[in-house]
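# Coordinates in review
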Amino acid sequence: MTDVDTGSRDRLAVAVLAQYRMATTEQMHLILSPEVRIEQTRRRLGKLRDEGLIDRVTLPQAGRMRVWYATRYGAQVASEWPELHGRRPPRGAHDRTAVRLGVGHGLTVTETGLVFLQDARRRGDLCQPLDWILEVHHSLGGGEAVIPDALLYYRSRGTSGTDSSGDGGSMLRAFVEVDRATMGPERLAAKLGTYARLHQYVPAPPPGARRPLAVKEESWRRRYPLFPRLLFVLDGTGPAGIHTRLQALNAATRQPELAVFLREVPVLAAAMTDLLQHGPAAPVWHLVTAPDHRVDWMHSRHP
């Protein structure tokens, strides 16, 4: 008889790499099967590599760390599965050189998703590995778009002020931007304006179309009952650098054109070190409108 669990874990491994872009052996182990020995995960990944579904790069400067990614064939196979329907692979996802050059940011994005996944498991909340979706395209018209590093779906037990599921839980959604201090604080802060534009963006009718009589509707409402929270995860710098970036984000919030967006959408920032030490459900998130005020991301409210 076929080992159904083995087949499902193999399928999940390919799906995760097709969606996440990259992950180390340890990250894959914690995502897939933290309850078993890591040697089983290594064997699974090796078998999938032999089948041509995934491949790896080895980083000599990191103690020969192995970084896994889905091959073009693996991504093509996974794209036909219902759980990945309509999802575009991240840019450069199947190119060995692109993976090697992008490991700094790519592995940090994977680690951020893993932090939420592990916290949900500890708390008894629902957040599955494929609830962490990279680079979802949100058009702003004219060839412009908002593409967050990740979109998070998270079902929490009894969280107020969210989209109720009707079964005692609540669905939370968040756009997540992972910043490793590779761009200046002002460029990071400018992302607030981009998300504010998405919050207000109403698509123009196509040329020649009759203008509908209905009230114009922002494009994001076609996807989400509520505009997702915006979470900035700050890494790659010490406490002074974190403070500088928080101040830059706070300064940007004083722009009048952001007032409606900031009034309706919680925008938070946290240091990666705090997320790893305390977990994302702890009050480690700074409100960008009041950086000295810390909240937990699920119950965030402006003071």
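Criteria and cut-off values
- Residues numbered from 1 in each chain as written.
- Predicted model: local features only at pLDDT ≥ 70, side-chain atom pairs only at ≥ 80, totals over all residues.
- Heavy atoms only, no water.
- Axes fitted to C-alpha atoms, helices over the stretch in contact; angles between N-to-C directions.
- Helix = DSSP H or I, 4+ residues; strand = E, 2+ residues; numbered from the N terminus.
- Parallel < 35°, antiparallel > 145°, perpendicular 65-115°, else oblique.
- Left-handed = near helix turned anticlockwise from the far one by under 90°.
- Contact = heavy atoms within 4.5 Å.
- Nonpolar A, V, L, I, M, F, W, Y, C, P; charged D, E, K, R; others polar.
- Core = buried A, V, L, I, M, F, W, Y, C linked by side-chain atoms within 4.5 Å.
- Buried < 20%, exposed > 50% of the residue type's maximum accessible area, 1.4 Å probe, protein only.
- Pairing = 2+ DSSP bridges.

Two numbers describe how helix 2 (residues 25–32) lies on helix 6 (residues 103–123): the axes approach to 10 Å, and their chain directions differ by 25°. By the angle between their directions, the pair helix 2 and helix 6 is classed as roughly parallel. With respect to the hand of their crossing, helix 2 and helix 6 are arranged in left-handed fashion. Facing helix 2, whose interface residues are Gln-27, Leu-30 and Ile-31, helix 6 presents Leu-107, Thr-110, Glu-111, Leu-114, Leu-117, Gln-118 and Arg-121. Residues that form the contact of helix 2 with helix 6 fall into these classes: five nonpolar, three polar and two charged.

Two numbers describe how helix 2 lies on helix 3 (residues 38–50): the axes approach to 9 Å, and their chain directions differ by 105°. Taken together, helix 2 and helix 3 sit at an angle that is classed as roughly perpendicular. When helix 2 is examined against helix 3, the residues Thr-25, Glu-26, Met-28, His-29 and Leu-32 are found in contact with a partner set consisting of Ile-38, Thr-41, Arg-42, Arg-44 and Leu-45. Counted by class, the contact of helix 2 with helix 3 contains four nonpolar, three polar and three charged residues.

Time to look at the nonpolar core. Note that soluble globular proteins tend to have their nonpolar side chains buried in a common cluster. Residues Trp-132, Leu-152, Val-176, Trp-285 and Trp-297 are the most contacted members of the largest nonpolar core, which totals 51 residues. With seven residues, helix 1 (residues 4–20) is the single largest residue contributor to this core. With sequence-adjacent residues up to four places away left out, Trp-297 is seen in contact with Phe-116, Leu-152, Tyr-154, Leu-172, Ala-174, Arg-229, Leu-231, Leu-268, Pro-280, Ala-281 and Trp-285. Listed in part, the 33 residues of the second largest apolar core include Ala-189, Phe-227, Leu-249 and Leu-262.

Let's shift gears to the sheet that holds strand 1 (residues 23–24). Sheet architecture is open: three strands sit in the order 1-3-2, paired in antiparallel fashion. Strands at the two margins of the open sheet, each flanked by one partner only, are strand 1 and strand 2 (54–59). Sheet strands touched by helix 3: strand 2 and strand 3 (65–70). Its angle to strand 2, the strand with the most contacts, is close to 115°.

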